[in-house]
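A closer look at the structure
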Amino acid sequence: MQNFLKIADGLNVLPLQLALVRQPELFGRRSARKDGYADSPHLAMSDIWVRYNHPDNLAKGMEAFNSEHDSVWYPEAAYIPEVRPIVMHLMALVGGERLGGVLITKIPPGGTIAPHVDRGWHAEYYEKFYVPIQNDPGAVFGFEDGVIEGRPGEAYWFYNGRPHWVENNSARDRIAMIVCIRTHKEN
Ligand SMILES: [Fe+2]
């Protein structure tokens, strides 16, 4: 099975790249993705949760937090309004019917995310789209059937139910946006 496919080129992500470089304090504010998971493959990166289950629902525990829910925009979204036109463009492009989580990740030079599979309701219900925001040669998103060496402006569909990993063998941070969209399916 094919695990990824380029679906767009020519997106203008540079205003978002600038907004993120100018506001590094937005990264790493919410650490729930790492807390309690000492062996998490995601330890090497820092995140901005732009949209997901309402943060008040964290009080119900991680299992409930990650079970079925409607996503909402987080307060961080107001600092990076550049996200929305990219996300809405993707929604139109793929015929999205429900918008789930939006996550921006940053991995420093030399950083890696070990091969893993994403599980749980959110990971399995939504389709995943990868938008490289800052990605120099040497920063790769790997799958069993090949690697994406993304260029800003591109967007990819990918399947996170199969092993995938990241290696940043470039001299700058690798910044990526993951957009989770439910698309129409007949079955
Ligand atoms: Fe993943």
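Just so we're clear, the structure is a prediction, and the values are computed from it rather than from any experiment.

Here's the deal with helix α3 (residues 83-94)
Given 3.6 residues to a turn, an α-helix orients residues that are three or four positions apart in the same direction. With 12 residues, α3 ought to run about 16 Å at 1.5 Å a step, and its terminal C-alpha atoms sit 17 Å apart, in line with that. Taken residue by residue, α3 has Val83, Ile86, Val87, Leu90 and Met91 as its buried positions. Buried residues of α3 fall within an arc of 140° about the axis and therefore sit on the same side. Exposed side of α3, more than 90 degrees from the buried face: Pro85 and Ala92 are the residues found there.

A word on the side chain of Glu127
Examined against the element boundaries, Glu127 turns out to sit in strand β6 (residues 127-134). Taking relative accessible area as the criterion, Glu127 reaches 19% and is therefore assigned buried. Here the side chain of Glu127 touches Thr183 through a polar contact of 2.4 Å, side chain to side chain. Residue contacts for Glu127: discarding those within four places in its chain leaves Trp157, Val179, Cys180, Ile181, Thr183 and Lys185.

Structural notes on the sheet that holds strand β8 (residues 146-148)
The strand order across the open sheet formed by 4 strands is β5-β10-β7-β8, and the pairing between neighbours is antiparallel. Edge positions in the sheet fall to β5 (112-116) and β8, since each of these pairs with one other strand and no more. Taking the axes of each pair of neighbouring strands and ignoring which way they run, one obtains an average angle of 25° across the sheet. Where β5 lies against strand β10 (residues 164-168), 3 bridges are found, and the strand directions are antiparallel. From the neighbouring strand, Thr112 faces β10, where its bridge partner is Glu167.

Calculation rules
- Residues numbered from 1 in each chain as written.
- Predicted model: local features only at pLDDT ≥ 70, side-chain atom pairs only at ≥ 80, totals over all residues.
- Heavy atoms only, no water.
- Helix = DSSP H or I, 4+ residues; strand = E, 2+ residues; numbered from the N terminus.
- Expected span 1.5 Å × (residues − 1).
- Buried < 20%, exposed > 50% of the residue type's maximum accessible area, 1.4 Å probe, protein only.
- Arc of directions from axis to C-beta.
- Polar contact = N/O pair within 3.5 Å; in protein donor to acceptor, adjacent residues only side chain to side chain.
- Contact = heavy atoms within 4.5 Å.
- Pairing = 2+ DSSP bridges.
- Axes fitted to C-alpha atoms, helices over the stretch in contact; angles between N-to-C directions.

This is a description of form; function is not addressed.
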